[in-house]
Amino acid sequence: MTQAPIPTYHHLISISPGDIDHMGHVNNAVYLQWVQEAVVSYWEHGSTLEAREQMLWVALKHEISYRMPVFLNDHVEAQVTATGTHGSRASFTTLFKRGDDLATEVRSSWCCVDVTTRRPRRISPDIANIFLPQ
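In every chain, residue numbers begin from 1 and rise along the written sequence. With the structure being a predicted model, the display of local features is reserved for residues of pLDDT at least 70 and the display and counting of side-chain atom pairs for 80 or more, all residues being used for whole-chain, interface and lining totals. Side-chain figures throughout are based on the complete set of non-hydrogen atoms in the structure, without hydrogens or water.

Going by what an unreviewed UniProt entry lists, the chain is known as Acyl-CoA thioesterase and is assigned to Allorhizobium terrae. Per UniProt, the comment on the chain under Sequence similarities (unreviewed entry) is "Belongs to the 4-hydroxybenzoyl-CoA thioesterase family." UniProt positions are given in the numbering used here, feature names are shortened, and annotations may be inferred rather than shown by experiment.

Structural data, given as structure tokens:
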């Protein structure tokens, strides 16, 4: 049996003048906002309405590796790939690419939270399979 390829979600980034710092490139802190937008958009795009009504995602940890600066008029795309789940946690890698060039790589850990109780919620196999098909 062959394993299905892990899907990568493509999310276009819009750079605004407020994203630019005193050095003329995108401020490092802006990448955290972009990761949040891209991973949440991936969840909203891939999940069912029922799942979205029951679960939220909270970022636990981000590890950012900067490779090259990004500037105001650059065209940037976030490429989000789920890399694993365990209990209530999921991990993702988000690559920010400027054309074919890798600008920044972010490895992040997220916690699935129940909408009502706001407590961690185990990620069911059907939810995991949306992002990590067998």
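Within this document, salt bridges are pairs made up of a side-chain nitrogen of Lys or Arg and a carboxyl oxygen of Asp or Glu, the two lying within 4 Å of each other. One pass over the structure, following the stated rule, counts four salt bridges. With its nearest N and O atoms 3.3 Å apart, the salt bridge here joins D74 to R98. In this pair, D74 is assigned in the loop between β2 (55-66) and β3 (76-86) and R98 in strand β4 (residues 89-98), connecting sequence segments 24 residues apart. Buried means the residue's accessible area, taken with a 1.4 Å probe over protein chains only, is under 20% of the maximum for its type, while exposed means over 50%, and partly exposed covers the values in between. By relative accessible area, D74 is classed as partly exposed at 22%. In this structure, R121 engages D114 in a salt bridge whose closest nitrogen and oxygen atoms are separated by 3.4 Å. Accessibility expressed as a relative area gives 17% for D114, which makes it buried. When salt bridges that share partners are traced, they join R67, E105 and R107 into one network. Secondary structure elements follow DSSP: runs of H or I of four or more residues count as helices, runs of E of two or more count as strands, with numbering from the N terminus.

To continue, consider the nonpolar core. To define a nonpolar core, start from buried Ala, Val, Leu, Ile, Met, Phe, Trp, Tyr and Cys residues and group those joined through side-chain atoms within 4.5 Å. In this structure, W34, F92 and F96 are the most contacted members of the largest nonpolar core, which totals 32 residues. Looking at this core, the elements with two or more residues in it are β1 (8-13), α1 (28-46), β2, β3, β4, β5 (101-114) and α3 (125-131). It is α1 that provides the largest number of residues to this core, a total of eight residues. Here, two residues are considered to be in contact whenever any of their heavy atoms come within 4.5 Å of each other. Here W34 is in contact with I13, S14, I15, D19, V26 and F96, once residues within four sequence places are set aside.

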